[in-house]
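Remarks on the overall topology
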Amino acid sequence: MTGPLNRRTRVHIAGHRGLVGSALVRHFTHEGFTNLLLRTSTELDLRNREAVRAWYAAERPEAVVLAAARVGGIAANAARPVDFLSDNLRIQLNVLDAAHEHGSRRVLFLGSSCIYPKHAPQPIAESALLSGPLEPSNDAYAIAKIAGIKHVQALRRQYGLPYIAAMPANLYGPNDNIDPNTSHVLPAMLRRTHEAHVQGAEELTHWGTGRPRREFLHADDLARACLFLLEHYDGDQPINVGTGLDVPLSELAAVVAEVVGYRGRIGWDATKPDGTPRKVLDTRRIRELGWEARISLWDGVAETYKWLTTRL
């Protein structure tokens, strides 16, 4: 079931304060949606099954974008795999079951590109799912997200529901996590480079070797893709969302330094893990539907840095 969503549709954006959720609120509001259902984790703990069921019974959202998740960078995933597995499984089970039980007509589950095998052929097609071992440093999070995909597919198969799943590339943008202990690679680089610049440091050091290649998607582009998919996609397979372009982390570090204005040396700590050697998504399917990313890496990093300086 596809087609334009009525702008009065009751839409639950789960996780609306996060990087993705806040971008979704901006985009859906810009597109004229007037019934966005938003609750903080204090108001509605999505890990609490009975609370979620009661809230869905009362609010009856007609569409859902499940952007709520426990997320973090390589260090956080390695240190707390139980949290990443348990919290994400509970959030997904509770929201997807409640959506089905209380009549949500369209649901979009957001996964992650880390669901794909560590050594998947590049660019990574959706068919690579479950074709090989995962990257060990974030396998708990990946397994939770794979379970979410399978839950969506099971709801489609058993109940004929037009629920879908999308797999975004590495995300960044305003409202990202900039905690030095738990953030992802791009915000971590931005903060580290900003602090080196402010302190006048002659050298800064990033994790790993700088050789891994990554694809980066601005959260505002993902928000556009989410509404586009709700209105144009109804398929059993998860669908990739990205730019289709990747860069070595050494090149990303240079872009970040230029945006920040840092002129010192950039070093690498090869004793820290690199993670997956390369990760770029095959985005042919979503491009064939008519969607493409618009925000360049330079522009996106510059905008994110402007936001970050207001938070430090």
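It should be noted that the structure appears before, not after, this text.
Counting of residues starts from 1 at the beginning of each chain's written sequence and follows it residue by residue. This being a predicted model, a pLDDT of at least 70 is required before a residue's local features are given, and a value of 80 or more before pairs of side-chain atoms are given or counted; all residues contribute to the totals for chains, interfaces and linings. Side-chain measures were taken over the full set of non-hydrogen atoms in the model, leaving aside hydrogen atoms and water.

Right, let's talk about the overall build of the protein chain for a bit. A tally of helices and strands in the protein chain yields ten helices and 13 strands. The reference for a compact globule is 2.2 Å times residues^0.38; the radius of gyration itself is calculated from the C-alpha atoms. In terms of C-alpha radius of gyration, the protein chain reaches 19 Å, essentially the compact-globule figure of 20 Å for 312 residues. Summarising its shape, the C-alpha atoms of the protein chain cover approximately 60 × 40 × 40 Å along the three principal directions. For the protein chain, the proportion of contacts with a sequence separation of at least 24, taken over those separated by at least 6, is 82%. Using a 1.4 Å probe, the Shrake-Rupley method yields the accessible areas, and only the shown protein chains count as cover for residues. In the structure as shown, the protein chain presents an accessible area of about 13600 Å², 50% of it carried by carbon and sulfur atoms. Each charge class in the protein chain can be summarised by its mean position, and for the 37 positive and 34 negative side chains these summaries are 3 Å apart. Per the convention used, a helix needs a DSSP run of H or I reaching at least four residues, while a strand needs a run of E reaching at least two, with both numbered from the N terminus. Contacts between residues were defined by any pair of non-hydrogen atoms, one from each residue, lying within 4.5 Å. Only four residue types enter the charge count: Lys and Arg as positive, Asp and Glu as negative, with His and the chain ends excluded. Charged groups are reduced to one reference atom each: NZ for lysine, CZ for arginine, CG for aspartic acid, CD for glutamic acid.

With that settled, the discussion passes to the sheet that holds strand S11 (residues 247-248). The strands that make up a sheet are held in pairs by hydrogen bonds between backbone atoms, and each pair lies either parallel or antiparallel. Strand order in the open sheet formed by three strands is S11-S8-S13, with mixed pairing between adjacent strands. Two strands close off the open sheet at either side, each with one partner strand: S11 and strand S13 (278-279). Here the rule is simple: two strands pair whenever DSSP picks up at least two bridges between them. In the sheet, strand S8 (residues 213-214) pairs with S13 via two bridges, with the strands oriented parallel. Note on S13: the bridge partner recorded for arginine 214 is lysine 279.

Strand order in the open sheet formed by six strands is S2-S1-S3-S4-S5-S10, with parallel pairing between adjacent strands. Two strands in the sheet have a free side with no partner beyond their single neighbour: strand S2 (36-37) and strand S10 (239-241). Looking at chain direction, strand S3 (residues 63-66) and strand S4 (residues 106-110) are connected through four bridges and run parallel. Its bridge partner lying in S4, valine 65 is registered against leucine 108.

Nonpolar core, defined: a set of buried Ala, Val, Leu, Ile, Met, Phe, Trp, Tyr and Cys residues in which side-chain atoms within 4.5 Å join the residues together. With a 1.4 Å probe rolled over the protein chains alone, any residue whose accessible area is under 20% of its type maximum counts as buried; one over 50% counts as exposed, and the rest are partly exposed. Formed by 67 residues in total, the largest nonpolar core has its most connected members in Leu24, Phe28, Leu110, Leu229 and Val241. Discounting chain neighbours no more than four positions away, the residues touching valine 241 are Ala166, Met167, Pro168, Ala169, Leu217, Leu222, Ala225, Leu229, Leu281, Thr283, Ile286 and Trp291. Core analysis: the next-biggest nonpolar cluster, separate from the first, contains 18 residues, Met189, Ala253, Val255 and Val301 among them.

Okay, the packing of helix H4 (residues 81-101) against helix H5 (residues 139-159) next. Axis geometry follows a simple rule: fit a line to the C-alpha atoms, using only the stretch in contact for helices, then measure angles between N-to-C directions, giving values from 0 to 180 degrees. Relative to each other, H4 and H5 sit at 15°, their axes nearing to 8 Å. As the angle between them shows, H4 and H5 are arranged roughly parallel. Considering how the two elements wind past one another, H4 and H5 form a crossing that is right-handed. Contacts between H4 and H5 involve Pro81, Phe84, Leu85, Asn88, Leu89, Gln92, Leu93, Leu96, Asp97 and His100 from the first element and Ala140, Tyr141, Ile143, Ala144, Lys145, Ala147, Gly148, His151, Val152, Leu155 and Tyr159 from the second. Residue polarity is assigned by list, with Asp, Glu, Lys and Arg as charged and Ala, Val, Leu, Ile, Met, Phe, Trp, Tyr, Cys and Pro as nonpolar; anything else, Gly included, falls into the polar class. Residues belonging to the contact of H4 with H5 are distributed by class as follows: 14 nonpolar, five polar and two charged. Working rule for angles: under 35 degrees goes down as roughly parallel, over 145 as roughly antiparallel, 65 to 115 as roughly perpendicular, anything else as oblique. By definition, turning the near helix anticlockwise from the far helix through less than a right angle yields a left-handed crossing, and turning it clockwise yields a right-handed one.

Further remarks concern the packing of aromatic side chains. For this analysis, a ring pair means two rings from Phe, Tyr or Trp (six-membered ring only for Trp) whose centres lie within 6.5 Å, classed as stacked if their planes differ by under 30 degrees, edge-to-face if by over 60, and tilted for the remaining angles. For the structure on display, the rule yields three aromatic pairs. Where phenylalanine 28 meets phenylalanine 33, the ring centres are 4.8 Å apart and the plane angle is 45°; that geometry is what we call tilted. For phenylalanine 28, a relative accessible area of 0% translates into the label buried. With a centroid separation of 5.4 Å and an interplanar angle of 70°, the aromatic rings of tryptophan 55 and tyrosine 56 are classed as edge-to-face. According to the relative accessible area criterion, tryptophan 55 is buried, its value standing at 10%.

Time to look at H5. Working rule for helices: expected span equals 1.5 Å times residues minus one. With 21 residues, H5 ought to run about 30 Å at 1.5 Å a step, and its terminal C-alpha atoms sit 30 Å apart, in line with that. With its phi angle positive at about 70°, glycine 160 sits one or two positions after the end of H5.

Another aspect to go through is helix H10 (residues 297-309). In this model H10 runs 18 Å from its N-terminal to its C-terminal C-alpha over 13 residues, within 8% of the 18 Å that 1.5 Å per residue would give. Those residues of H10 not exposed but buried are Gly300, Val301, Thr304, Tyr305, Trp307 and Leu308. The buried residues of H10 occupy one face: seen down the axis, they fall within an arc of 160°. Each element contacted by the buried residues of H10 is listed here: strand S6 (170-172), helix H6 (185-199), strand S9 (216-218) and helix H8 (249-260). Comment: arc refers to directions from the helix axis out to C-beta atoms.

With that out of the way, let us pick up the layout of surface pockets. Taken as a whole, the second largest pocket encloses approximately 220 Å³ of empty space. Lining the second largest pocket are 16 residues, and of these Phe216, Thr243, Leu245, Ile295 and Leu297 lie nearest its centre. In terms of residue class, the lining of the second largest pocket is made up of six nonpolar, four polar and six charged. Grid spacing is 1 Å over the protein atoms alone, the probe is 1.4 Å, and a cavity is where that probe fits but cannot get out, while a pocket is an open set with protein on both sides within 12 Å along at least five of seven lines and lining residues have an atom within 4 Å of a point. Grid points are joined across faces, edges and corners, and a volume is the space filled by probe spheres set on the points.

Attention shifts here to the packing of H6 against H8. The geometry of H6 relative to H8 is characterised by a closest axis approach of 9 Å and an angle of 45° between their N-to-C directions. Judged on the interaxial angle alone, H8 and H6 are oblique. For the element pair H6 and H8, the recorded crossing hand is right-handed. Here Val185, Leu186, Met189, Leu190, Thr193, His194 and His197 of H6 lie close against H8, whose contacting residues are Leu249, Leu252, Ala253, Val256, Ala257 and Val260. Residue classes in the contact of H6 with H8 are distributed as ten nonpolar, three polar and no charged.

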